[in-house]
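# Notes for the structure review
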Amino acid sequence: MSRFLAVGECMIEMAPDGAGKFVMGFAGDTFNTAWYARQVAPPNVEIAYLSAVGTDKPSDDMAAFMREAGIVPHLRRRADQTVGLYLVSLEEGERTFSYWRSAAAARTLADDLDSLPVGAGDTVFFSGITLAILPEAGRRRLLELMARVRSDGVTVAFDPNLRPRLWQGTEDMCRWITRGAAVADIALPSFEDEAAYFGDADTDVTAERYSEAGAGLVVVKDGPKPVLIRAGRARETVAPDCVADVVDTTAAGDSFNAAFLMALADGGSHAEAARAGCALSAQVIGRRGALVPVQAPVRT
Ligand code: ADP
């Protein structure tokens, strides 16, 4: 693989500094995955991010943040628009999130998109949140482009990342998520969400469903429980190491996806890639915040 491209929405993050003030950062599910991919990928692999932003200072700052992080921004610029924002609140140690994203330029990312900057052998990654924020025409356009690059030899990876509040309703969400999986080679669902909104009884049911939808490789994450890998009829599990001090599970799944996809693209087996995913997310949940300093996991 020479390029990993993530597609979606990056937002401004305002996080409490513990002394009554807020620190501004940038994060968002697909962006977090790109950011962690940059931490673990060899330097010759290009990590890129495709979205839409405004023309204001925060949009410029976001683009600069990406460049400084070693991520190549493919940002469509929308005049008089801006980027979404979320604020983290701390209540008795628990983090809660408030979002201002309904007017974000990212919702227009597919409006005039007629190709994806990837070629045979590259990997492109998107999520259920990417689909959720787009108007229906944008979802259709993005899925068509994903299907097209897939037939050209690009690996398409998809994390359903179910967020019912971003959708008209659960049924609408489940229908589009299944369409997302239909254009993907790799689906990376998290069991807790799948059980809640698709009613899956266990991880095998989740794997079977995404496999039926069209994803040849399904990797079901399940918090501290074993990761289930389903490739065609083959099935194996990888148990994450126990993490004694879980500080904040934000971006656990995003970082898992990054290490998994990078290890796989580097020639690792499914089990090796899952172990790399578990090792990276174990570091991430031990620190507070979405983007935390990590060490690239060694393949085992
Ligand atoms: P998401 O963040 O998408 O909900 P999960 O919670 O399923 O994803 O976690 C993704 C990965 O993070 C897991 O497969 C596991 O490797 C790691 N992880 C999450 N929670 C824990 C935990 N309590 N102990 C150890 N590993 C964990």
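As a convention, each chain's residues are numbered from 1 in the sequence order in which they are written. Owing to the predicted nature of the model, reporting of local features is limited to residues with pLDDT of at least 70; listing and counting of side-chain atom pairs is limited to 80 or more, with chain, interface and lining totals taken over all residues. Derived side-chain values reflect all non-hydrogen atoms in the structure, with water molecules and hydrogen atoms excluded from consideration.

### Things to note about the pattern of salt bridges
As a working rule, side chains carrying opposite charge can pair if their charged atoms are close by. By definition here, a salt bridge exists when the distance from a side-chain nitrogen of Lys or Arg to a carboxyl oxygen of Asp or Glu is within 4 Å. For the structure shown, the criterion picks out 16 salt bridges. A salt bridge links Lys 57 to Asp 61; its shortest N-O distance comes to 2.9 Å. Of the two residues, Lys 57 and Asp 61 are both situated in helix 2 (residues 57-68); the distance of four residues between them amounts to about one turn of the helix. Exposure categories follow from relative accessible area, calculated using a 1.4 Å probe and restricted to protein chains: below 20% of the type maximum is buried, above 50% is exposed, and the middle band is partly exposed. A relative accessible area of 25% places Asp 61 in the partly exposed class. The residue Asp 112 makes a salt bridge to Arg 78 at a minimum N-O spacing of 3.0 Å. One end of the pair, Asp 112, is in the loop between strand 7 (94-100) and strand 8 (123-127); the other, Arg 78, is in the loop between strand 5 (71-77) and strand 6 (85-91), with 34 residues separating them in the sequence. By definition, any uninterrupted DSSP run of H or I lasting at least four residues is a helix, any uninterrupted run of E lasting at least two residues is a strand, and each is numbered from the N terminus.

### Looking at the pairing of strand 13 (residues 234-238)
A strand pair is defined by DSSP finding two or more bridges across the two strands. Inspection of the sheet shows strand 12 (residues 225-231) paired to strand 13 by five bridges, in the antiparallel sense. Bridge pairing in strand 13 links Val 227 to Val 238. Between strand 12 and strand 13, which follow one another and run antiparallel, lie two residues, and Gly 232 among them has a positive phi close to 60°.

### Here we look at helix 1 (residues 29-40)
For helix 1, with 12 residues, the first-to-last C-alpha span of 17 Å sits near the 16 Å given by 1.5 Å per residue. Of all 12 residues in helix 1, 11 are buried; the element is thus mostly enclosed. Buried within helix 1 are the following residues: Asp 29, Thr 30, Phe 31, Asn 32, Thr 33, Ala 34, Trp 35, Tyr 36, Ala 37, Arg 38 and Val 40. The span expected for a helix works out to 1.5 Å for each residue beyond the first.

### What about the sheet that holds strand 8?
An order of 5-4-1-8-9-10-11-12-13 is seen for the nine strands of this open sheet, with the pairing classed as mixed. Of all strands in the sheet, those with a lone pairing partner are strand 5 and strand 13, marking the two edges. One ladder, built from two bridges, connects strand 10 (residues 186-187) with strand 11 (residues 217-222); its direction is parallel. Looking at strand 11, one finds that Ile 186 is bridged to Leu 217.

### Description of the site of the ligand
For this purpose, a residue is taken to be near a molecule or strand whenever a single non-hydrogen atom of the residue falls within 4 Å of it. Taken together, the neighbourhood of the ligand is formed by 16 residues, with Ser 190, Gly 223, Gly 253, Ser 281 and Ile 285 sitting nearest. In the model, an oxygen atom of the ligand is placed 2.7 Å from a nitrogen or oxygen of the Ser 190 side chain. One of the side-chain N or O atoms of Ser 281 is found 3.1 Å from an oxygen atom in the ligand. Coverage of the ligand by the protein chains reaches 83% of its 560 Å² of free accessible surface. Of all the elements in the fold, those that place two or more residues in the shell around the ligand are strand 11, helix 8 (252-265) and helix 9 (270-284). Throughout this description, a polar contact denotes any pair of N or O atoms lying within 3.5 Å of each other; where both atoms belong to protein, one of them has to be capable of donating a hydrogen while the other can accept it, and for residues adjacent in sequence the pair is counted only when both atoms sit in side chains. Residue-level accessible areas treat just the shown protein chains as cover; the underlying method is Shrake-Rupley with a 1.4 Å probe.

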